[in-house]
Amino acid sequence: MRVIVCLDDRNGMLFNRRRQSRDRRVVEDILRELGEKRLLLNGFSAPLFDHAGDRIRVEDDPLAAAGREDVCFVENQPLAPWAAAIERLTVYRWNRVYPADMRLDLALESGWHLVAASDFPGFSHEKITKEIYER
């Protein structure tokens, strides 16, 4: 499966059960990259994509529901239990350090290869970095 996450510079994902930040250009980029595929996500993330209609599929546990070719957007779940099934990880970096009490639980320096990286201007962030990792 493919997984998409948003992280700060210290791999933070959440603070006090809330997302650290959001940016509409990240959502636009995710939808553009999806093509004809649907994005699996949970109810926590669904409001970010409320304009995407049938391009999203809300699941209690999108990682458990995903098949090999599916794409999941994850903000508030650990990824380590699903590490063996994740073939590609797309990381959108805020290029800032935010308070965080939940961090990415995958070691990107171990077993993952950065295959692409690019920067683009966000709506609320001057620069967003998109990194694509594969096994």
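Above this text is the structure in question.
Now for a quick tour of the structure. (Residues numbered from 1 in each chain as written. Predicted model: local features only at pLDDT ≥ 70, side-chain atom pairs only at ≥ 80, totals over all residues. Heavy atoms only, no water.)

1. A word on the pairing of strand β10 (residues 128-134)
Within β10, six of the seven residues are buried, which leaves the element mostly enclosed by the surrounding structure. Where strand β9 (residues 113-120) and β10 come together, seven bridges link them in antiparallel fashion. Pairing of His113 across the sheet is with Glu134, part of β10. (Buried < 20%, exposed > 50% of the residue type's maximum accessible area, 1.4 Å probe, protein only. Helix = DSSP H or I, 4+ residues; strand = E, 2+ residues; numbered from the N terminus. Pairing = 2+ DSSP bridges.)

2. Describing the packing of aromatic side chains
Applying the stated criterion across every chain yields a total of two aromatic pairs. Ring geometry for Phe49 versus Phe73: centroids 5.3 Å apart, planes at 70°, classification edge-to-face. A residue pair is termed long-range when its members are at least 10 positions apart, and Phe49 in the loop between β4 (39-41) and β5 (56-58) and Phe73 in strand β6 (residues 71-73) qualify at 24 residues. No difference in accessibility class separates Phe49 from Phe73, as the two residues are buried. Summarising the aromatic geometry, the rings of Tyr92 and Phe120 are spaced 6.3 Å apart at their centres and angled 85° between planes, so their arrangement reads as edge-to-face. (Phe/Tyr/Trp six-rings, centres within 6.5 Å; stacked < 30°, edge-to-face > 60°.)

3. Brief notes about the sheet that holds strand β2 (residues 12-15)
Taken in spatial order, the three strands make up an open sheet running β3-β2-β8, and their pairing is antiparallel. Of all the strands in the sheet, the pair left with one neighbour each is β3 (18-19) and β8 (102-103). In the sheet, β2 pairs with β3 via two bridges, with the strands oriented antiparallel. Each bridged residue has a counterpart across the sheet, and for Leu14 the counterpart in β3 is Arg19.

4. Thoughts on the side chain of Lys130
Examined against the element boundaries, Lys130 turns out to sit in strand β10. Residue classification places Lys130 among the buried residues on the basis of a relative accessible area of 8%. Polar contacts involving the side chain of Lys130 include one to the side chain of Asp29, which spans 2.8 Å. Every residue in contact with Lys130, bar those within four places of it in the chain, is listed here: Asp29, Glu33, Thr90, Val91, Tyr92, Ala116, Ala117, Ser118 and Phe120. (Polar contact = N/O pair within 3.5 Å; in protein donor to acceptor, adjacent residues only side chain to side chain. Contact = heavy atoms within 4.5 Å.)

5. Some thoughts on the pattern of salt bridges
Inspection of the entire model under this criterion finds nine salt bridges. Between Arg19 and Glu75 there is a salt bridge; the shortest N-O distance is 2.8 Å. One end of the pair, Arg19, is in strand β3; the other, Glu75, is in the loop between β6 and β7 (88-93), with 56 residues separating them in the sequence. We note a salt bridge from Glu87 to Arg68, for which the minimum N-O separation is 3.0 Å. Of this pair, Glu87 sits in the loop between β6 and β7 while Arg68 sits in the loop between α2 (62-65) and β6; the two residues are 19 residues apart in sequence, bridging distant segments of the chain. A relative accessible area of 57% means that Arg68 is categorised as exposed. The structure contains a network of salt bridges with shared partners spanning Asp29, Arg32, Glu33 and Lys130. (Salt bridge = Lys/Arg side-chain N within 4 Å of Asp/Glu carboxyl O.)

As far as function goes, none of this settles anything; it's purely spatial.
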